[in-house]
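Observations on the model geometry
So you can see what is in the structure, the chains are spelled out below.
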Amino acid sequence: MKSFTCLLIALTAMTLGSCKKEADSIKGKSASLNKCQSYGGNENILNCCLEAIIADSRCPVDAVCIWQGAAVGRFSVHTAGSNYTITLSTTRFGEYKPDATVEGFKIELISLSPQKEAGKPIAGGDYVAELKITKL
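Everything numeric in this text was worked out from a predicted model, so none of it was measured.

Bringing the state of the cysteines into the picture now. The final tally for this structure, using the stated rule, is 1 disulfide. A disulfide bridge connects Cys59 with Cys65, and the sulfur atoms are separated by 1.9 Å. Its torsion about the S-S bond being 80°, the disulfide of Cys59 and Cys65 is classed as right-handed. Given the relative accessible area of 36%, Cys65 is considered partly exposed.

Okay, the pattern of salt bridges next. The final tally for this structure, using the stated rule, is 2 salt bridges. The closest approach of N and O atoms between Arg58 and Asp56, which form a salt bridge, is 2.8 Å. In this structure Arg58 comes out as buried when scored by relative accessible area, which is 9%. With a shortest N-O distance of 3.2 Å, Lys120 and Glu117 are connected by a salt bridge. For Glu117, a relative accessible area of 36% translates into the label partly exposed.

This next bit is on the confidence of the model for the protein chain. Residues with a pLDDT of 70 or more make up 72% of the protein chain, whose mean pLDDT is 76. Highest mean pLDDT in the protein chain belongs to strand β5 (residues 83-89) (94); lowest belongs to helix α1 (residues 2-17) (42). Confidence drops under a pLDDT of 50 for residues 4-28, and excluding neighbours within four residues, the segment shows 17 contacts in the predicted structure.

Turning our eyes to something else, we now look at the nonpolar core. Core analysis: the biggest nonpolar cluster contains 19 residues, and Phe75, Ile86, Leu88, Ile107 and Leu131 have the highest contact counts within it. Of all elements in the fold, only β3 (46-56), β4 (71-78), β5, β6 (99-102), β7 (105-113) and β8 (128-135) reach the threshold of two or more residues within this core. The element best represented in this core is β7, accounting for 4 residues. Setting aside chain neighbours within four positions, we find Ile107 in contact with Leu46, Val77, Ile86, Leu88, Pro98, Asp99, Ala100, Val102, Leu131, Lys132 and Ile133.

Turning to the pairing of β6, a few remarks are in order. Here β6 runs beside β7; their pairing, made up of 4 bridges, is antiparallel. In the sheet register, Ala100 faces β7, and the bridge partner there is Ile107. Hairpin connection between β6 and β7: a loop of 2 residues separates the two successive antiparallel strands, and Glu103 in this loop has a positive phi of roughly 50°.

Of note, the bond from Ser113 into Pro114 is cis; its omega dihedral lies within 30 degrees of zero at 5°. As for its position among the elements, Pro114 is in the loop between β7 and β8. Non-glycine residue Glu103 carries a positive phi angle of around 50°. Relative to the helices and strands, Glu103 resides in the loop between β6 and β7.

Moving on, we get to the packing of aromatic side chains. Evaluation of the coordinates by the stated rule reveals 0 aromatic pairs. Just above the ring of Phe105 sits the side chain of Lys135; from NZ or CZ to the centre is 5.1 Å.

Take the sheet that holds β5 next. In spatial order, the strands read β2-β3-β4-β5; together these 4 strands make up an open sheet with antiparallel pairing. Two strands bound the open sheet, and with one partner strand each, they are β2 (36-39) and β5. Adjacent strand axes in the sheet meet at a mean angle of 30°, parallel and antiparallel pairs treated alike. Bridge count for β2 against β3 is 4 bridges, and the pairing is antiparallel. Its bridge partner being in β3, Ser38 is matched across the sheet by Asn47.

Analysis parameters
- Along each chain, numbering runs from 1 in the same order as the chain's sequence is written.
- The predicted nature of this model means local features are confined to residues of pLDDT at least 70 and side-chain atom pairs, given and counted, to a pLDDT of 80 or more, with totals for whole chains, interfaces and linings taken over all residues.
- Side-chain numbers here rest on the full set of heavy atoms in the structure, without hydrogens or water.
- Counting rule for disulfides: a pair of cysteine sulfur atoms within 2.5 Å.
- Type-normalised accessible area, obtained with a 1.4 Å probe on protein chains alone, sets the label of each residue: buried when under 20%, exposed when over 50%, and partly exposed for intermediate values.
- A carboxyl oxygen of Asp or Glu within 4 Å of a side-chain nitrogen of Lys or Arg is what we treat as a salt bridge.
- Confidence of the predictor in every single residue is expressed as pLDDT, which spans 0 to 100.
- Strands are runs of DSSP state E lasting at least 2 residues, helices are runs of H or I lasting at least 4, and numbering of each runs from the N terminus.
- Two residues form a contact once any of their heavy atoms are found within 4.5 Å.
- Note on terminology: a nonpolar core comprises buried Ala, Val, Leu, Ile, Met, Phe, Trp, Tyr and Cys residues joined through side-chain atoms within 4.5 Å.
- Strands pair, by our definition, only if DSSP identifies at least two bridges between them.
- Note on aromatic pairs: the rings of Phe, Tyr and Trp (six-membered ring only in Trp) are paired at centre separations within 6.5 Å, and the planes decide the class, stacked below 30 degrees, edge-to-face beyond 60, tilted for the rest.
- A positively charged side chain is recorded as over a ring if its NZ (Lys) or CZ (Arg) lies within 6 Å of the ring centre. The angle to the ring normal must also be within 35 degrees.
- Every angle, taken between N-to-C directions, lies between 0 and 180 degrees, and every axis is a line fitted to C-alpha atoms, over only the stretch in contact when it is a helix.

Structure, rendered in structure tokens:
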């Protein structure tokens, strides 16, 4: 019985010791076109701005498509001492990816709204990007 208890304690300790702390993340933040969003605490501040929609070939919600399409946005990212320009896509599309890493932050494009509707163009200023920012 003692050996079983010792084995159980050892397995529990190994299991708890192997768990990794999940990185801090900020989910559901939105960046409207030509507007910026700030992330992070007092020391690690990151400003992310949706500058332009480069392409939007997403399938309209009221249509049947053989491919979901993709939207690509250009973002400017500002940290304490540096400025970056990144492009993010709603899906892997050619050279574009849905995420990028900048100064210890992982920036992911979760979605782009509004959804397209057949025959209805989206005004440039109406675009809003939902981002997930994770401190690495």
